[in-house]
Amino acid sequence: MTPRATIDLTLVLDRSDPRPLPVQVADGIREQITRFMLTPGDALPSTRVLANQLKISRGTAVAAYDQLLAEGYLLASQGKPTTVHPQLDRIHPVTLDQQPIRQPDPRHAVAAHASGTRPTRPADQGPPTELVDLRPGQPDAAQVAGTAWRSAWRHAAQQPTGAPEQPLGSSDLRNAVAEHLRLMRALPVPSSHIAVTAGAREGLTLLLAAAAARNNRTQLRIGLESPGHPGLRQVPTAHGHTVVPCTVDSHGLRVDLLPTGRDAPDVLIVTPSHQYPLGGSLTLDRRLALLEWAQRWDVLIVEDDFDSELRYVGTPLPTLSDLDTSREQVALLGTFSTLLTPSLATGYLVLPLNLVGDVTRLRATLGLPVAATTQYALAHLLDSGYVRRHTQRMRATYGRRRAAVQQAFKQADHAHLTPMHGGIDAVIDTDLPEDTVVHRCQEAGLRVGRQSSYWAWGTRGKPASPLATTTGQGIVVGFAQAGDDALRDLLPRLVQACGG
């Protein structure tokens, strides 16, 4: 077993103190142990190293260690570092008022989008441990682990550590992402137009900063779909930009209702492949009309392409980035959080030609927030074909779970599903008030998302437009994370909680 690295002790000795130096050293180490600055198993520096650090004789350090060994605070073994005694809690039991202050478990915190992950758990606080977590946006990350996954990280660990950082990300990963987009999205794009990001929110932050610098303005007007995803919605406001709600219906963004002239936004964020949470896909006619509108009013379109690979109905339409013949009107925002795992916290941008230089300069100034090891591992996963194979496998798995959800709600009298063309979530409209349904779900042991969280800017519990196909009253649930057997057990409870 690999030995634990020794800890640098922070001790202050006072030569004017009447206590002998060995006593001061022993008292200082004992205090760090009782205050939990040192914990059982921690390896201490050797007496020679400690003596050199504190400018004391080695005999003084040996005397201090001997005293703590005799008291049971330390444990010494031949050929091994002296450590804080692993059984310290049995030798010196900790009283209640000595318990260390512990930080809340991050697993129970609200996830805003990840790592990079995307914040797909709006408005709800972390669930009690007894509730089954059906909040939206959670892939079945357990399916990622396996031989190929471990092999990719072993490969990454073997790569050189001194390679100079490239502002837009490693060339290996950008080449791999370009090939991924060609094969999975039919989008041919040069790797020089791809920037590696730490997820969707970080990528959007980078784009908005570049757009603001290009326009020589600190505040932009940002168009957002309503209803739409609350995670990305929070990014513009966090950076002081003004948000403009834009109407959607069952076919996505209503291009004919977009503001024009001086009222047009500087940037428009749109989900053409899978409108969230309504699930619609922007028709080809609307895509072309949107590009014409953007060119006329000089609007940067941010194409949020999340979940595009997880489509169950019909064939995917061309991306806006591919349809943009000018190559200067659309930036595509992508992430691997849903395909693989949010903990990867890595995504990408496909930049329009006129923003490549601005983003490169920003990255050179701010640095790249994705570790080189992560980039090596992800590039290996993409190059080996693992991501494509995994996507095909999970598309079948999620499709099966989606069908189970549809079947469960087919006979429901007081709840119905909105169209589920893609993704890993289900939007459920209910006759009962949303608060009532959420409470009934909790009583049934289920943690769910609130549909009202997706309606923007204070329109809680009601649609932002009569054109929308959902009432805005109900819940949003994720069906990906629960296994097939668990889902069969949970769905009757979910249907009943929604009013049956």
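What you see is a predicted model; the values in this text were computed from it and never measured. (Residues numbered from 1 in each chain as written. Predicted model: local features only at pLDDT ≥ 70, side-chain atom pairs only at ≥ 80, totals over all residues. Heavy atoms only, no water.)

A.B. asks: Which parts of the structure should I look at to understand the packing of helix 13 (residues 386-409) against helix 15 (residues 484-497)?
C.D. replies: For any two helices packed against each other, the geometry is given by the interaxial angle and the distance between the axes. Look at helix 13 against helix 15: their axes get within 10 Å of each other, and the N-to-C directions meet at 25°. Compared by their axis directions, helix 13 and helix 15 come out roughly parallel. The crossing of helix 13 and helix 15 is right-handed. Contacts between helix 13 and helix 15 involve Arg400, Arg401, Ala404, Val405, Ala408 and Phe409 on the former and, on the latter, Asp484, Leu487, Leu491, Leu494 and Val495. Residue composition of the contact of helix 13 with helix 15, by class: 8 nonpolar, no polar and 3 charged. (Axes fitted to C-alpha atoms, helices over the stretch in contact; angles between N-to-C directions. Helix = DSSP H or I, 4+ residues; strand = E, 2+ residues; numbered from the N terminus. Parallel < 35°, antiparallel > 145°, perpendicular 65-115°, else oblique. Left-handed = near helix turned anticlockwise from the far one by under 90°. Contact = heavy atoms within 4.5 Å. Nonpolar A, V, L, I, M, F, W, Y, C, P; charged D, E, K, R; others polar.)

A.B. asks: Would you explain the pattern of salt bridges in this entry?
C.D. replies: Pairs can form between side chains of opposite charge once their charged atoms are near each other. Within the structure shown, the criterion is met by 22 salt bridges. The closest approach of N and O atoms between Arg254 and Asp256, which form a salt bridge, is 2.6 Å. The exposed category is assigned to Asp256, whose relative accessible area is 54%. Between Arg450 and Asp435 there is a salt bridge whose closest N-O contact spans 2.5 Å. Highlighted residues: Arg450 in strand 15 (residues 449-450) and Asp435 in helix 14 (residues 434-443), separated in sequence by 15 residues. (Salt bridge = Lys/Arg side-chain N within 4 Å of Asp/Glu carboxyl O. Buried < 20%, exposed > 50% of the residue type's maximum accessible area, 1.4 Å probe, protein only.)

A.B. asks: I keep staring at the confidence of the model for the protein chain and nothing clicks. Help me out?
C.D. replies: Should the pLDDT be low somewhere, the predicted coordinates at that spot are not to be read in detail. Here the protein chain averages 85 in pLDDT, while 88% of its residues score no lower than 70. No element of the protein chain has a lower mean pLDDT than helix 8 (residues 230-238), at 85, and none a higher one than strand 4 (residues 194-197), at 97. Every residue in residues 100-128 is under pLDDT 50, and counting partners more than four places away or in other chains gives 74 contacts. Below a pLDDT of 50 lies the segment residues 457-469, which in the model reaches 34 contacts outside its immediate sequence neighbourhood of four places, other chains included. (pLDDT = per-residue confidence, 0-100.)

A.B. asks: Any chance you could explain the sheet that holds strand 10 (residues 330-335) here in plain terms?
C.D. replies: Hydrogen bonds between backbone atoms are what pair the strands of a sheet, whose relative direction is either parallel or antiparallel. With respect to topology, 8 strands assemble into an open sheet ordered 4-11-10-9-8-5-6-7, the strand pairing being mixed. Strand pairing shows two members of the sheet lacking a second neighbour, strand 4 and strand 7 (252-253), which therefore form its edges. Across 4 bridges, strand 8 (residues 267-270) lies against strand 9 (residues 300-304) in parallel orientation. Note that in strand 9 the partner of Ile269 across the bridge is Val302. Sheet strands in contact with helix 8 are strand 5 (221-226), strand 6 (242-249), strand 8, strand 9 and strand 10, and its direction is about 160° off that of strand 5. (Pairing = 2+ DSSP bridges.)

A.B. asks: Where do I start with the pairing of strand 10 in this structure?
C.D. replies: On a regular strand, one side chain projects to one face of the sheet and the next to the other, so that they alternate. The buried fraction of strand 10 amounts to 6 of the 6 residues, a majority that puts the element mostly inside the structure. In terms of strand pairing, strand 9 meets strand 10 through 4 bridges, oriented parallel. When the bridges of strand 10 are listed, Val302 appears paired with Ala331. Where strand 10 meets strand 11 (residues 347-350), 4 bridges bridge the pair, whose relative direction is antiparallel. Residue pairing in the sheet places Gly334 in a bridge with Tyr348 of strand 11.

A.B. asks: Honestly, helix 1 (residues 21-34) in this entry has me stumped. Any pointers?
C.D. replies: Each turn of an α-helix holds 3.6 residues, which means side chains three or four residues apart point in the same direction. For helix 1, with 14 residues, the first-to-last C-alpha span of 20 Å sits near the 20 Å given by 1.5 Å per residue. Among the residues making up helix 1, those that are buried are Gln24, Val25, Ala26, Gly28, Ile29, Arg30, Gln32 and Ile33. Contacts from the buried residues of helix 1 go to helix 2 (47-54), helix 3 (58-71), strand 1 (74-75), strand 2 (83-84) and helix 4 (88-91). Backbone geometry just after helix 1 places Phe36 at a positive phi near 65°. (Expected span 1.5 Å × (residues − 1).)

A.B. asks: Can you walk me through unusual backbone geometry in this structure?
C.D. replies: Excluding glycine, most residues fall at negative phi; most peptide bonds, likewise, are trans. The amide bond that connects Ser226 to the next residue, Pro227, takes the cis arrangement and shows omega of 10°. In this fold, Pro227 is placed in the loop between strand 5 and helix 8. A positive phi is found at Ala186, a non-glycine position, where the angle reads about 50°. Among the structural elements, Ala186 can be located in the loop between helix 6 (171-185) and strand 4. Backbone geometry at Asp298 places phi at a positive 55°, although glycine is not the residue there. Tracing the backbone shows Asp298 in the loop between helix 9 (284-297) and strand 9.

A.B. asks: Any chance you could explain the sheet that holds strand 13 (residues 425-430) here in plain terms?
C.D. replies: Pairing is antiparallel in the open sheet, where 4 strands are placed in the order 12-13-16-15. The open sheet has two edge strands with one neighbour each: strand 12 (415-417) and strand 15. Across 5 bridges, strand 13 lies against strand 16 (residues 474-478) in antiparallel orientation. Opposite Ala426, over in strand 16, you have Val477 as the bridge partner. Where helix 14 meets the sheet, it contacts strand 13, strand 15 and strand 16, and its direction lies at approximately 40° from that of strand 16.

A.B. asks: Help me understand the nonpolar core, please; the structure alone is not making it clear to me.
C.D. replies: A general tendency of soluble globular proteins is for nonpolar side chains to be buried together. Ranked by size, the top nonpolar core spans 62 residues in total, and within it Phe336, Leu340, Phe409, Ile428, Ile475 and Leu494 carry the most contacts. Aside from chain neighbours lying at most four places away, what touches Phe409 is Ala415, Leu417, Ile428, Leu494, Val495 and Cys498. Core analysis: the second largest hydrophobic core is formed by 27 residues, Leu206, Val243, Val302 and Ala331 among them. (Core = buried A, V, L, I, M, F, W, Y, C linked by side-chain atoms within 4.5 Å.)

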